[in-house]
Amino acid sequence: MVPLLVLALTAACGTASTSHRPSSGVTPASTDTPAVATPSPSTVASAGATASSVATAESFSCRLPIVINTGPTSVPGFISFPSGSYAADPGGSIKSKGFGLAYDRGYKRWLPVDWRHVSDDGTQYAYVTYSDTVPSPGAYSVIHIVNVATGADRVVTRSGQYVINDYAGIGVYLSAWIPGRDGPGPQIGWVLDPSTGGVRELPGGQKYGYWVGSGAGWRTDYNPADPTVHQGMTGPNRLTRVDLASGTEATWLYREGADWVQVLGVDKEGHPIVSSGTGQAVAVLLLTDATHRSQLFSATGFMNGAISDSHGIWFNNESATYLYTASSGLREVASTGGQIAGGCH
């Protein structure tokens, strides 16, 4: 889904992906930087900036939907910008039909799915149930499309053994259902037409990663030609764009020696926002094509994910929420963390 946010959020919702937390070292970098180069730090903005300092830098106000996870329960609410105050929303006390919640600003209601399972226009969302708890001969997926305005729940297919990864453009992107798997599951390999319920295998099969944006799947993996000797398990160090129409692959980022490369989300145009780390040193980049990128900031630690809207790109971890703009860099806007559930409106 390419929404209003980083993830490229739409007119509707939003939540993020998984990572961790930034430090006080933040460095906006120049755009159109060759992909083989690492932008050097320019100005440094503290990720610990107070909400009041952000208020003087930005001239808008809005509410950012966020879900705070407290053990087995999730508490949805809003962070008010620029004050940075948080208030729980009793109207969001709903049970998720999968993982996470989304806030649909068009209909002013919480939805029981992650924002990536909501259509770009916010009018419907997808979720899946199963005919059995374990894949076996005869077991199948039951995929539902729900109309947000009316609540009408329509089963569009009872076939295959699928997991929903993304609802982007006119398709719902699926990977294989393998419960109990330790580690990342199979990658996106099919697309469902939400109007007809038809499921089509993508060219080349299950090789499209876990994110869809700008006409492509975004896959992270390990480049075996990397000469670095790692202690223990090695994470992905490469990002590949896989064209949804043709299956053609192109490397957009390779970080020799990196411990990991991870997609945090996509911007409003569907370009990937990526974190790359070695130890606790993290760089967050926006890739606009295979040869150009902008380093948004550097930090220590990890981010949970990113969502992009008209104000900038929102990042968070479990203890704070941040806003990145080209003019101000990365600034802490609230001492509340969790999972962002949509754009700030």
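Rules used in this analysis
Residues numbered from 1 in each chain as written. Predicted model: local features only at pLDDT ≥ 70, side-chain atom pairs only at ≥ 80, totals over all residues. Heavy atoms only, no water. Helix = DSSP H or I, 4+ residues; strand = E, 2+ residues; numbered from the N terminus. Buried < 20%, exposed > 50% of the residue type's maximum accessible area, 1.4 Å probe, protein only. Contact = heavy atoms within 4.5 Å. Areas by Shrake-Rupley, 256 points an atom, 1.4 Å probe, with all protein chains shown as cover. Pairing = 2+ DSSP bridges. Axes fitted to C-alpha atoms, helices over the stretch in contact; angles between N-to-C directions. Polar contact = N/O pair within 3.5 Å; in protein donor to acceptor, adjacent residues only side chain to side chain. Disulfide = S-S within 2.5 Å. pLDDT = per-residue confidence, 0-100.

Right, let's get into the overall build of the protein chain. Each helix and strand in the protein chain was counted, giving 1 helix and 26 strands. Each of the 345 residues in the protein chain was classed as buried or not, and the buried ones make up 55%. For the protein chain, the proportion of contacts with a sequence separation of at least 24, taken over those separated by at least 6, is 50%. Surface summary for the protein chain: the accessible area is close to 14,100 Å², and the carbon and sulfur share equals 54%.

Before going further, it helps to examine the sheet that holds strand β14 (residues 211-213). Strand pairing in a sheet is mediated by backbone hydrogen bonds. Such pairs are either parallel or antiparallel. Across the sheet, 4 strands lie side by side as β14-β15-β16-β17; this open sheet has antiparallel pairing. Where the open sheet ends on each side, the last strands, each with one partner, are β14 and β17 (249-254). Ignoring strand direction, the axes of neighbouring strands in this sheet form an average angle of 30°. By the bridge criterion, 6 bridges tie strand β15 (residues 216-221) to strand β16 (residues 238-243) in an arrangement that is antiparallel. Bridged to Asp221 within β16 is Arg238.

Before going further, it helps to examine the environment of Asn317. In this structure, Asn317 sits in the loop between β23 (312-316) and β24 (321-325). A polar contact of 2.9 Å, which involves the side chain of Asn317, links it to the backbone nitrogen of Ala320.

For the rest of this paragraph, the subject is the pairing of strand β7 (residues 124-130). Across the 7 residues of β7, 5 count as buried, placing the element largely inside the fold. Two strands pair when backbone bridges link them, and β7 and strand β8 (residues 141-147) are joined in this way by 7 bridges, in the antiparallel orientation. Paired with Tyr127 across the bridge in β8 is His144.

Now for the state of the cysteines. Following the criterion strictly, the structure yields 1 disulfide and no others. The disulfide that involves Cys62 links it to Cys344, with 2.0 Å between the sulfurs. For the disulfide bridge between Cys62 and Cys344, the dihedral angle about the S-S bond is near 95°, and by the sign convention the bridge is right-handed. Of this pair, Cys62 sits in strand β2 (residues 62-70) while Cys344 sits in the segment after β26 (339-340), and the two are 282 residues apart along the sequence. Exposure class is identical for Cys62 and Cys344. Each is buried.

Summarising the model, the protein chain shows a mean pLDDT of 82, and 81% of its residues fall at 70 or more. Segment residues 1-57: pLDDT under 50, and 244 contacts once partners within four positions in sequence are set aside and those in other chains are kept.

With that settled, consider the pairing of strand β3 (residues 73-81). The side chains of a regular strand alternate between both faces of the sheet. Bridge count for β2 against β3 is 9 bridges, and the pairing is antiparallel. When the bridges of β3 are listed, Ile66 appears paired with Gly77. Here β3 runs beside strand β4 (residues 86-88); their pairing, made up of 3 bridges, is antiparallel. Across the sheet, residue Phe78 finds its bridge partner in β4, namely Ala87. Between β3 and β4, which follow one another and run antiparallel, lie 4 residues, and Gly84 among them has a positive phi close to 85°.

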